[in-house]
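As a plain string of letters, each chain reads:
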Amino acid sequence: MFGNLFEEDFSFISNNHCEKGKKSKPRDSEPPAPRDFTNLSGIKNQGGTCYLNSLLQTLLFTPEFREALFSLGPEELGSLDNSSKPDAKVRIIPLQLQRLFAQLLLLDQQAASTTDLTESFGWNSHEEMRQHDVQELNRILFSALESSLVGTSGHDLINRLYHGIVVNQIVCKECKNISERQEDFLDLTVAVKGVAGLEEALWNMYVEEEYFENENLYRCGACDKLVEASKSAKLRKLPPFLTISLLRFNFDFEKCERYKETSCYTFPIQINLRPFCEQTEMDDSEYMYELFSVIIHKGGCYGGHYHVYIRDVDELGNWQLKEEEDGLIEDEALGDTENAKVVENPLVVLKGILSEEESKQIPMDQLGQKLLEKKGVSWNKKYRKEYGALRKYLQNHPHIFQFSPDENKVGLKEKHKLLFKSDSQGQDLQSPPQKNDVQWNSEKNPTRLRDTSAGCHWFDLNDSKVQPIKEKDIEKQFQGKESAYMLFYRKSQLKRPPEARGNPRYQIPEHLLNEMNAANTELQKKRAECDSANNGIDLHLHLSSCYKFHNGALHPSLTWKESVVDLTIDRRKTLGDLRQSVFQMLESWEGDMILSIAKPLPAGLHLYQILDGDELTLDGIGLADGADVFVWNGKEVGGTKVMTGPDHAPVVVNVLRLAEYNEGGKGQHFTESQHVFSCSTKLGDLRRALAPLGGIILKNGSGPDKEAKNWEVFLEEDMKETVKSVGLTDGCSVLILDSHDQSFVNVSSGNLTAFTYDISWLQVKNYCRTEEEEKHVKITATIETVMSDIKMKAIQELQLEEELVPEDYTVKEAELKMGSLLGLCRGKAPTSTQLFLYFIVGSDQNGSPEMEIVVEETASVKECLNLMLEKSGLSGDNWHLRRIDWCYEAGEALSQENATLKELNVCRGDTLVIAEGKLPPKGFLKIPIWWFKSSSHKKHGENAQEQVNGVTCKMEALQVSPAGDSPEYIHRDMDLCYAGSIEIAGEASLEDLKMQAMTLPCFQEQIVPLPSFLRAWTVDSKRPGKLLRNNKQQLNDYKLGARVEICIEPLQKEENLGPHELLLRVQMGIPGERDYYASTDLVWDISKECTAWALRQRVASHYFLPIDKIEIAKYFAEKFEWLPISSWTQQISKRKRKKKQESLQSAPYHLKDGDIIGVKNLLLDDTKDFSTVRDDVGKEKQRQLAFEKRKSRQTERLQDHVFSEEKLNIKHRKPEVALSINVGVFR
């Protein structure tokens, strides 16, 4: 109903990014987060369900509603396990609501999901993404619950808690007769506009009286006359829970738009309703109500977000504000030091953790993790300074703790385990045991903090987020864009039993307790697995015994897999633990073990820093997932001393030398080899190694992936620099020039004069020879090489003696790519003012060979045609030129014979067609003629072909072009077929056109006495379009255009339609079937009026039926839809009928010649559905096409990064859709 009036605001959502070195896992595979310090659960937003979440939390924190719902057992509601059985009557909505409430109370997760509940409502994904009004939802949800609980003990649940009565009274001032009317309510709606607060609004509604006097009198039933009277309303019955809806949204009739009232509107925490009630003699406590929930709307009229402030009546949550927490910590710090020491004793903490474990021993890393979870701080931060490392501390207490043989697991000795259990049981005896206890982590139930404002604990529940607030924070919601929208009050007399306080398990059925127990166990298991997976890192251990050092780096002596051992370890473990794990894996290792960070480089494996500090964690020393660790003795590998660190990292350098002969391909003019040098190698040593006989060394400063134009010479003073200091890295190229190559170097600038990556090659193919195998050669060139040089080199390579004209284009100007294939042909090359064109004769591409010609761009079309005819050996003047269209077929004719090729935008490489036949003289039209056989009109819906304007067009089946010569091509099964073309002057009349069309061979088979027995249509999009009237009118007056096509339809009698006569195709519906009889022509005179009433009269007289016994509709073939033509004019008054009525030729009907009008005979067929089966099929195809287009547009939008943020932030309003909840039948 409200559409996107309350559209969700997602601006608060941000993206989380994984930290470096941590494994990223899909969010779906991770278990939900546990509850935060408030110990209350939020609800996940499914996209637009914040309004639902706010109402559900309010119902959950209404204990009487919650417990009444829990009191209904499976014997009344059924079981969700049987919901799929067809005969089982399972009341799914209350069952899912019970389950959701149990999850919110007991399941240890930050937020619960409402997916199962909304599925029970019958909502789909679109409904979950669309936000509605929470006031509307409140009424619909209560109605659905009432319907679901029919026949159970909870049938009156809603009425019992929320039902109230308002009585409206009118008192006669003369006879004092009271006329009253009762109204039931589940919630009260109060005005906001012009009202200061809730109490004033209630006063206006239930205290103020309205008077009937003067001209506004009331007819009293007792007096039987008009009298003065007073009207008032009172609350007759008050419900235990009073729901009040605030009318925040109004409509501005001047601006014609909705708006939100943001003015100040106060409401009390406690309210006395005595002044507004009919009976006021009871005690004040009967009228006192306390506020316990405020649903808040944040945003404007067309978008926003809901959240709720709730008072925790049963004190189920931990309420403590941040500033009060800080004060509490200070007070504890100033407390008794002895007690503090007892609490901080790590021995008690560790014994408590180990005693809770079911298994006798747990791994050391798990013990550290559990300590972190319990105390909120790690052992190293809290205890290490005073007590030392955790492992050592446990080893110093052997009488209490017992290690496994490998010392990786630890547990309590049996006697201490029994002692600790008995102590804990003795403490438990002081407090009554809880029945049906649900498993909770001990850290999730911290000791409840006492507060002076007990019972007034307020929380802000905002979807998944829950945080405590003060009671005075409610005042902030009196006004503004974020303000109160619904208020929930409870009677002050309603008291909660002591056992319900702080007990979320109170009154929850046994089966739900068991289900939540199992779910909590599964959650703990998943969190442990996820924690282990998130903190586990994979290390690649490289063993020195499997490596050898040569060529400046470490290389495996075996295969890579055999030289590397993978190890998975928790990142929170220490380096000492890692070393111990490696020792255990390598039982045969002797001597010292050094672990070093290694990195695979192009030259091989290189070692960097040594890992030191066994007490440090792996995360602390920066050991990331996938790191390479080299295990060695720290001195040598295979008897060879290994230098470590970044200063000794090996670098692979590409060494280039000029080759003696050019082999032709790109980069083949030099030889290339790779050499490895240490970063600390000096350039002098590098030159002696690479050029022992002397020479010049140059570096490519542009890098390996760029054009190598910037070659720099290393000067003599650079020889003392190292490889690292001069910027040589892996993949850099150096060029060694011997003394005879130094002519390439400009000594003053230190750069090359010309070189080398720019040099590439082009292929030149010889088309001058007549043999089948045409020879081609590669010619070396740069982008600045002139084409004439390439041609001369090709002539020499191919040993051709002919002297050809040299071209003046460079390779760059000719827009050639290196490696392109060129053809060497006989003849002169075209100049810059000449065009090189292809042409063929006729429209058959396969049968006619393609020929070439060079002409001046200033040549006329006629001159170009003569040259082409001469070259192709044709003669005569019965030819003209056409362009080739995108389908590579003969297209547009070059009709301006005296225009130049340049003026007609004929370009180099274009292909023209020499077509047979003369062009029509100036002022003449060449019109293709189509023949329409209308001896019997097809029924609507016959076959699957389109019917438009009453004609079933099957032109798609034709494979002949209107420009082709196929006058005899006629399909006998076609209603529309090509007959030929005619040439006719524009001054000729329509009658002349029909006469000339009658001379075509196709028409001679038909008997047509006169042109008036023919009907002419234009052809639009392969279907009849505009009807041509008046046989004496000139063709030019119709403004047909150069590419017009005409469809000729034979008639059984003469026809001379006037300008005010409309030709329609009417077809009567077949009773009882979704089909129609054959259509017939109906001529309708619209000179007087073209209205729905007049058309109905004409159609009724055509079929000899009463006008009130027919229904008519126009068919829109492109949409497969029927639009009924309304008969509203039958009911209008005579005075209104004088007003000019809208013409059917305007919107929405746009009635024109050839339109199909469907007719329903109500005497035989009372169904007003005009559609056919074919329409259903057509609409389904259109929906599929629209879906595919929408999907492709969405894909394009996702890939388009051009739109600005301002455009992307535009929100389009969604259509308004009514909210509903589907409920089964249980009566």
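As the structure is a computational prediction, the values presented were derived from the model and not from experiment. (Residues numbered from 1 in each chain as written. Predicted model: local features only at pLDDT ≥ 70, side-chain atom pairs only at ≥ 80, totals over all residues. Heavy atoms only, no water.)

## Things to note about the overall build of the chain
For the record, the criterion: Each helix is a run of H or I in the DSSP string that is no shorter than four residues. Each strand is a run of E no shorter than two, and both are numbered from the N terminus. Each residue gets one of three labels from its accessible area relative to the maximum for its type: buried under 20%, exposed over 50%, partly exposed in between, using a 1.4 Å probe on protein chains only. Residue contacts are defined here by distance: any two heavy atoms, one from each residue, within 4.5 Å place the two residues in contact.
Looking only at helices and strands, the chain has 29 helices and 57 strands in total. Looking at the chain as a whole, 44% of its 1227 residues are labelled buried. Of the contacts made within the chain by residues no fewer than 6 positions apart, 69% connect residues no fewer than 24 positions apart.

## Here we look at unusual backbone geometry
Here Ala 1147 and Pro 1148 are connected by a cis peptide whose omega angle stands at 5 degrees. Mapping Pro 1148 onto the fold places it in the loop between helix H27 (1134-1137) and strand E57 (1156-1161). Here the phi dihedral of Asn 551 falls at roughly 55 degrees; this positive angle occurs in a residue that is not glycine.

## Points about the sheet that holds strand E42 (residues 851-856)
Test applied: Any two strands are treated as partners once DSSP identifies two or more bridges connecting them. Axis lines are fitted to C-alpha atoms, over the contacting stretch for helices. Their N-to-C directions set the angle, which ranges from 0 to 180 degrees.
Reading across from one edge, E42-E41-E45-E43-E44 is the order of the 5 strands in this open sheet, with mixed pairing throughout. Strand pairing shows two members of the sheet lacking a second neighbour, E42 and strand E44 (890-893), which therefore form its edges. Neighbour-to-neighbour, the strand axes of the sheet open up by a mean angle of 45 degrees, direction not taken into account. In terms of strand pairing, strand E43 (residues 879-884) meets strand E45 (residues 911-916) through 5 bridges, oriented antiparallel. The partner of Trp 879 across the bridge, within E45, is Glu 916. Docked against the sheet, helix H23 (residues 861-872) engages strand E41 (834-841), E42, E43 and E45, running at close to 100 degrees with respect to E43.

## Re helix H21 (residues 683-690)
Heads up, the rule is: As used here, the arc is the angular range of directions from the helix axis to the C-beta atoms.
Listed in full, the buried residues belonging to H21 are Leu 683, Gly 684, Leu 686 and Leu 690. For H21, the arc enclosing every buried residue in end-on projection is 160 degrees, short of the 170-degree limit, so these residues lie on one face. Opposite the packed face of H21, turned more than 90 degrees from it, sit the exposed residues Arg 688 and Ala 689.

## Some points on the packing of helix H12 (residues 346-355) against helix H13 (residues 364-375)
We count it as follows: In these notes the angle categories are as follows: under 35 degrees is roughly parallel, over 145 is roughly antiparallel, 65 to 115 is roughly perpendicular, and the rest is oblique.
It is the contact of H12 with H13, at a shortest axis distance of 10 Å, that shows an interaxial angle of 110 degrees. Considering their axes alone, H12 and H13 lie roughly perpendicular with respect to each other. Where H12 abuts H13, its residues Val 349, Leu 350, Ile 353 and Leu 354 lie against Leu 367, Lys 370, Leu 371, Lys 374 and Lys 375.

## Notes on the side chain of Ser 120
Following the sequence through the fold, Ser 120 ends up in helix H5 (residues 115-120). In this structure Ser 120 touches Ile 92, Ile 93, Gln 96 and Asn 1222, once residues within four positions along its chain are discounted.

## Examining the sheet that holds strand E3 (residues 164-172)
Note on sheets: strands pair through backbone hydrogen bonds, and any given pair is parallel or antiparallel. Strand order in this open sheet of 4 strands is E4-E3-E9-E6, and the pairing throughout is antiparallel. On the outer flanks of this sheet lie strand E4 (178-185) and strand E6 (210-212), each paired with one strand and no other. Going from strand to strand, the sheet's axes swing by 25 degrees on average, the running direction of each strand aside. By the bridge criterion, 3 bridges tie E6 to strand E9 (residues 229-237) in an arrangement that is antiparallel. Looking at the pairing, Phe 212 lines up with Ala 229 of E9.

## Some remarks on the nonpolar core
Going by this rule: What makes a nonpolar core is a set of buried Ala, Val, Leu, Ile, Met, Phe, Trp, Tyr and Cys residues whose side-chain atoms join them at distances within 4.5 Å.
Phe 65 and Phe 101 are the most contacted members of the largest nonpolar core, which has 66 residues in total. The element best represented in this core is helix H4 (residues 92-106), accounting for 9 residues. Excluding its chain neighbours within four sequence positions, the residues that come into contact with Phe 101 are Leu 56, Leu 59, Leu 60, Phe 65, Arg 66, Leu 69 and Phe 70. Of all hydrophobic cores here, the second largest spans 35 residues; its members include Val 192, Leu 242, Ile 271 and Tyr 309.

## Structural notes on the pairing of strand E22 (residues 536-543)
The buried count for E22 comes to 6 of 8 residues, which makes it a mostly enclosed element. The pairing of E22 with strand E25 (residues 564-570) spans 7 bridges and is classified as antiparallel. The residue of E25 that forms the bridge with His 540 is Asp 566. Relative to strand E28 (residues 628-632), E22 is paired through 4 bridges, and the arrangement is parallel. Looking across to E28, one finds that His 540 is bridged to Asp 628.

## Things to note about the environment of Leu 97
Within the secondary structure, Leu 97 sits in helix H4. Here the alpha-carbon distance between Leu 97 and Asp 116, two residues 19 residues apart in the chain, equals 9.2 Å.

## A short note on the environment of Ile 840
Structurally, Ile 840 is set in strand E41. On a C-alpha basis, the gap between Ile 840 and Glu 850 in space is 5.1 Å, while along the polypeptide they are 10 residues apart.

## Regarding the pattern of salt bridges
What counts is decided by this rule: Every case where a carboxyl oxygen of Asp or Glu lies within 4 Å of a side-chain nitrogen of Lys or Arg is listed as a salt bridge.
Summed over all chains, the structure comprises 42 salt bridges. A salt bridge links Arg 139 to Asp 187; the shortest N-O distance between them is 3.0 Å. With a gap of 48 residues between them, Arg 139 in helix H7 (residues 134-148) and Asp 187 in the loop between E4 and strand E5 (188-191) connect regions that are remote in the sequence. Residue classification places Arg 139 among the partly exposed residues on the basis of a relative accessible area of 45%. You can call Asp 187 buried: its relative accessible area is 10%. The network of salt bridges with common partners includes Arg 1015, Glu 1049, Glu 1055, Arg 1065 and Asp 1081.

## Quick look at the packing of H4 against helix H18 (residues 510-535)
The criterion, for reference: Definitions for this section: a left-handed crossing has its near helix turned counterclockwise from the far helix by less than a right angle. A right-handed crossing has that turn clockwise. All residues other than Ala, Val, Leu, Ile, Met, Phe, Trp, Tyr, Cys, Pro, Asp, Glu, Lys and Arg, Gly among them, are scored as polar; the first ten of these are nonpolar and the last four charged.
For the pair H4 and H18, the least separation of the axes is 10 Å and the interaxial angle reads 50 degrees. One element, H4, and the other, H18, form an angle in the oblique class. Like other packed secondary-structure pairs, H4 and H18 cross with a definite hand, here right-handed. On H18, the residues that touch Gln 98, Arg 99, Ala 102, Gln 103 and Leu 106 of H4 are Leu 512, Leu 513, Glu 515, Met 516 and Asn 520. Partitioned by chemical class, the residues of the contact of H4 with H18 number 5 nonpolar, 3 polar and 2 charged.

## With respect to the packing of aromatic side chains
To be explicit about the condition: Two rings belonging to Phe, Tyr or Trp (six-membered ring only in the last case) form a pair when the distance between their centres is within 6.5 Å. Interplanar angles under 30 degrees mark stacking, angles over 60 mark edge-to-face geometry, and anything in between is tilted. Counted as over-ring charges are cases with an Arg CZ or a Lys NZ within 6 Å of the ring centre that also lie within 35 degrees of the ring normal.
Enumeration according to the criterion identifies 23 aromatic pairs in this entry. Ring plane angle 65 degrees and centroid distance 6.5 Å describe the contact between Phe 65 and Tyr 162, whose orientation is recorded as edge-to-face. With a gap of 97 residues between them, Phe 65 in helix H2 (residues 63-70) and Tyr 162 in helix H8 (residues 157-162) connect regions that are remote in the sequence. By relative accessible area, which is 0% here, Phe 65 ends up buried. Their ring planes at 55 degrees and their centres at 5.9 Å tell us that Tyr 306 and Tyr 485 sit as a pair that is tilted. In this pair, Tyr 306 is assigned in strand E15 (residues 304-311) and Tyr 485 in strand E21 (residues 482-491), connecting sequence segments 179 residues apart. Using a relative accessible area of 0% as the deciding quantity, one classes Tyr 306 as buried. A connected cluster of aromatic rings, assembled from ring pairs, spans Phe 65, Phe 101, Phe 142, Tyr 162, Phe 241, Phe 292 and Phe 488. Taking the ring centre of Tyr 608 as reference, the NZ or CZ of Lys 599 above it sits at 5.1 Å. In this structure, Lys 1160 is placed above the aromatic ring of Phe 1170, and the distance from its NZ or CZ to the ring centre is 5.9 Å.

## Observations regarding the environment of Val 171
In this structure, Val 171 sits in strand E3. Note: C-alpha distance between Val 171 and Ser 232 (61 residues apart in sequence) is 8.6 Å.

## Some thoughts on the pairing of strand E46 (residues 924-932)
Judged by how many residues are buried, E46 sits mostly within the fold: 7 of 9 residues are covered. Two elements, E46 and strand E49 (residues 976-985), share 9 bridges in a ladder whose sense is antiparallel. Directly across from Pro 928, in E49, lies its bridge partner Ser 981. Relative to strand E52 (residues 1046-1050), E46 runs parallel, the two being bridged by 3 bridges. When the sheet's bridge partners are listed, Ile 929 is paired in E52 with Ile 1046.

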